[in-house]
Amino acid sequence: MEKIVAGEIERYEKERIKTFLEKGLNDIGLTFHNKRVLIKPNLLSGHPPEKAITTHPLVVCAIAEILKDNLCEVFIGDSPGYESTEKVLKKAGFLEIIQSLNIKISRFDKKIVKRRDGISPYKEFTFGEDPSSFDLIFNVPKLKTHVMMGLTLGVKNTFGFIHAFDKARWHLKAGKDRELFAKVLIDIHNIVAPHITVLDGIIGMDGDGPSNGRVRTFGILCISKNAFALDHFIEKMINVPFLLPVTKVAERFSLVNEYETVIYGYPKIEDFILPNIINTDWNLPSSIKTLLRNLFIKKPKLKKDKCKKCSICKNVCPASAIYLSEEHIEFDYKKCIRCYCCQEMCPNNAIKI
Ligand code: SF4
Ligand code: SF4
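Residues numbered from 1 in each chain as written. Chains lettered and ligands numbered in written order. Predicted model: local features only at pLDDT ≥ 70, side-chain atom pairs only at ≥ 80, totals over all residues.

Visitor: Just to check I follow, could you spell out the domain arrangement of the chain for this structure?
Guide: The parts lose accessible area when they come together, and the size of an interface is often stated as this lost area. Assigned domains of the chain: these are domain 1 (2–264) and domain 2 (286–352). Taken together, the contacts link 14 residues of domain 1 with 14 residues of domain 2. Counted by class, the side of domain 1 that touches domain 2 contains 6 nonpolar, 6 polar and 2 charged residues. (Domains from an automatic or database assignment. Contact = placed C-beta atoms within 7 Å. Nonpolar A, V, L, I, M, F, W, Y, C, P; charged D, E, K, R; others polar.)

Visitor: What should I look at first to understand the site of ligand 2 in this one?
Guide: Around ligand 2, a shell composed of 13 residues is seen, among which C317, A319, C336, C339 and C342 lie nearest. For the shell around ligand 2, the class distribution of residues is 12 nonpolar, no polar and 1 charged. (Near = placed C-beta within 6 Å.)

Visitor: Help me understand the pairing of strand β3 (residues 73–77), please; the structure alone is not making it clear to me.
Guide: Regular strands have side chains that alternate between both faces of the sheet. Taking burial as the measure, the 5 residues of β3 include 4 buried ones, the bulk of the element. Relative to β3, strand β2 (residues 36–41) is paired through 4 bridges, and the arrangement is parallel. Across the sheet, L38 pairs through a bridge with F75, a residue of β3. For the segment spanning β2, helix α2 (residues 57–69) and β3, crossover handedness is right-handed. Across 3 bridges, the pairing between β3 and strand β4 (residues 104–106) is parallel. (Buried ≥ 20, exposed ≤ 12 C-beta atoms within 10 Å, placed from the backbone. Helix = DSSP H or I, 4+ residues; strand = E, 2+ residues; numbered from the N terminus. Pairing = 2+ DSSP bridges. Right-handed = clockwise from strand over helix to strand, strands pointing away.)

Visitor: It is not clear to me how unusual backbone geometry should be interpreted in this structure. Could you clarify?
Guide: With the exception of glycine, the majority of residues adopt a negative phi angle, and the majority of peptide bonds are in the trans configuration. Cis geometry marks the peptide bond from G209 to P210, where omega comes out at 15°. With respect to the helices and strands, the residue P210 is situated in the loop between β10 (196–206) and β11 (214–224). Phi is positive for N102, which is not a glycine, with a value near 55°. You can see N102 is positioned in the loop between α4 (95–100) and β4.

Visitor: What is the right way to read the environment of P41 from this model?
Guide: Mapped onto the elements of the fold, P41 is located in strand β2. Residue classification places P41 among the buried residues on the basis of 28 C-beta atoms within 10 Å. Taking C-alpha positions, P41 is 9.3 Å from D200, a pair spaced 159 residues apart along the chain. Among residues more than four places away in sequence, those in contact with P41 are T54, T55, V60, I76, D78 and V140.

Structure (structure tokens):
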């Protein structure tokens, strides 16, 4: 049976986090000595830690210190939305830790083709880094909402292995249908096959995450070898009234192993606000699905007063559904697939859903 270790940690105090992680990793039975280890945080875009968009550097610091105490060679990496890995690491407060602990940066800028016959119809994925070149992978997501998929937790965090520009291609290919996209995320996760997932939920985000939601103190850290079980546990803990797309599909394919929980304090998380997601798993011809989507699924809209006309949304839109007019940006809703990458990546919170 899988084990999930959860602990109540109210604030980012490195020694406290480290003590909890050492205990939790021991409970879970993960051994590591003299290994080559990759830490994969959520480095969506370059924002300071208090914005809760990226994994907090002190959680990564505590993990890295534990690994260094065990003579491991430590790497950190992710493929951010539109900036370089180094730039995001700097803006998100990681540089000091990287230098003081001699952590190596993986830029996730390779092009490695990975093949797998999984649950999605797709068999080939281009990765920015090769997970099999490490002995161990620490998957370190943030507890945040995600307008398209409900939450972005352990399973979705490994989507960051997809090579930068290929992310948009996957959104375009599979993002029209949340169930299909969930299958793609699961296939990618199973290729990465992280050895451990450590969820940073000390401060996270609800509402319209993953970058423009409400920053909240949840006060939880959670560890498991199985990210499907961890995601399931978190959804129950925050009282999500129905299974979200990734967990729903994972459960259908028997990927959510039975688990037992070891609890070191249990924070009460109340009034968690999910983004307003609507199930698009309609068993209808695709032309009717598209029509219904256009009618019922929320459209991205511009907050004109906040827009700086930086074009980031236009550049990340996988459907080329955004263009710049003389005045501001405009959406072509006929092309828009409602992936909300524009809202996710806008650095000025100028797109609402
Ligand atoms: S909406 Fe945001 S990302 Fe798009 S142009 Fe305006 S400020 Fe830039
Ligand atoms: S306009 Fe926004 S929501 Fe629509 S396809 Fe482009 S990025 Fe996705």
